[in-house]
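Survey of secondary and tertiary structure
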Amino acid sequence: MKKKMYQNIVATHFREHSSIYLFVVVLFLMGVIFGAVVVNSLTFSQKEDLAYYLSQFFGQVSDGKIAGAKDVFSQSFFDNGKFIGMMGILGISIIGLPIILIVLFMKGLVIGFTVGFLVNQMGWNGFLLSFVSVLPQNFIIIPVFIITATVAINISLKMFRRQFMKKISEPILPLLGRYALVFVMAGLFLALAALFEAYVSPSLMKTVIDTVY
């Protein structure tokens, strides 16, 4: 019974906010596309410099000289957590809506640039490397970013209407409680993604790099 109730709540949420979800997904995909396009605008020397650092990194991965799993976990969780935390704070700040959109776009741009550069420099091998090093954890991270961005945009709009248009009569404390719960759950999923990035991705990368090189 509880499972069905939660499923109904989730389905209702997505249905009621489908237009915001669509906007957020399109904006994120625009960031990904823009990031991939930026790769082609790099000069030859810039590509050479990046390719050099990339080859150095791959050499370290192949030799097992990369950072320890605990350090990778901490760095991944902190980097993604600060973006999520920033969106959470911006969502209740009323005027933070434009910055939420910029943060989401930038996240897409970084992913698009990373995958685009690997493919641009290494072709099919680059795609294979991005598939094992970039995409697995992002299958968790990207939905988390999209959901939290949507929730942050929604509460930002509600706060704006409440403050300036007096159209929202819903009590603020339960609203903020549910809002905080979403971000706590988002943190748990980011921890799961960080675990994968720290303990699984390096082994997959080493296998692919040893095969490629």
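As a reminder, the structure under discussion sits directly above these lines.
Residues numbered from 1 in each chain as written. Predicted model: local features only at pLDDT ≥ 70, side-chain atom pairs only at ≥ 80, totals over all residues. Heavy atoms only, no water.

1. Observations concerning the environment of Met30
To be explicit about the condition: Working definition: helices are DSSP H or I runs of at least four residues, strands are E runs of at least two. Numbering for both runs from the N terminus. Burial classes follow relative accessibility: with a 1.4 Å probe on protein chains only, a residue under 20% of its type's maximum area counts as buried, one over 50% as exposed, and anything between as partly exposed.
Its place among the elements puts Met30 in helix α2 (residues 18-41). Accessibility expressed as a relative area gives 45% for Met30, which makes it partly exposed. Along the primary structure Met30 and Met106 are separated by 76 residues, whereas in three dimensions their C-alpha atoms are 9.8 Å apart.

2. Brief notes about the packing of helix α4 (residues 69-91) against helix α5 (residues 97-122)
To be explicit about the condition: Fitting a line to C-alpha atoms yields each axis, with helices limited to the stretch in contact; the angle taken between N-to-C directions then spans 0 to 180 degrees. Note on terminology: angles under 35 degrees are roughly parallel, angles over 145 are roughly antiparallel, angles of 65 to 115 are roughly perpendicular, and the others are oblique. A crossing counts as left-handed when the near helix is turned anticlockwise from the far one by less than a right angle, and as right-handed when that turn is clockwise. Residue contacts are counted whenever heavy atoms from the two residues lie within 4.5 Å of one another. Residues are sorted three ways: Asp, Glu, Lys and Arg are charged, Ala, Val, Leu, Ile, Met, Phe, Trp, Tyr, Cys and Pro are nonpolar, and all the rest, Gly among them, are polar.
It is at 9 Å that the axes of α4 and α5 come closest, and there the two elements cross at 160 degrees. By the angle between their directions, the pair α4 and α5 is classed as roughly antiparallel. As for how α4 packs across α5, the hand of that crossing is left-handed. Residues Asn80, Phe83, Met86, Met87, Leu90 and Gly91 of α4 pack against Ile99, Ile100, Val103 and Lys107 of α5. Split by residue class, the contact of α4 with α5 holds seven nonpolar, two polar and one charged.

3. Notes on the packing of aromatic side chains
Stated formally: Pairing of aromatic side chains requires ring centres within 6.5 Å, counting the rings of Phe and Tyr and the six-membered ring of Trp. Pairs whose planes differ by under 30 degrees are stacked, by over 60 edge-to-face, and all others tilted.
One pass over the structure, following the stated rule, counts five aromatic pairs. Ring plane angle 55 degrees and centroid distance 6.3 Å describe the contact between Phe83 and Phe145, whose orientation is recorded as tilted. With Phe83 in helix α4 and Phe145 in helix α7 (residues 135-165), the pair connects residues that are 62 residues apart, well separated along the chain. By relative accessible area, which is 28% here, Phe83 ends up partly exposed.

4. Structural notes on the nonpolar core
What counts is decided by this rule: By nonpolar core is meant a set of buried Ala, Val, Leu, Ile, Met, Phe, Trp, Tyr and Cys residues that side-chain atoms within 4.5 Å join together.
Grouped together as the largest cluster of nonpolar side chains are 30 residues, with contacts concentrated most on Val24, Ile84, Met87, Ile100 and Leu104. Considering every element that reaches this core, the biggest residue donor is α7, with ten residues. Ignoring any residue separated from it by four or fewer positions in sequence, one finds Ile100 in contact with Met87, Leu90, Gly91, Ala149, Ala152 and Ile153. By size, the runner-up hydrophobic cluster in this structure holds seven residues, among which are Leu118, Met122, Val132 and Ile209.

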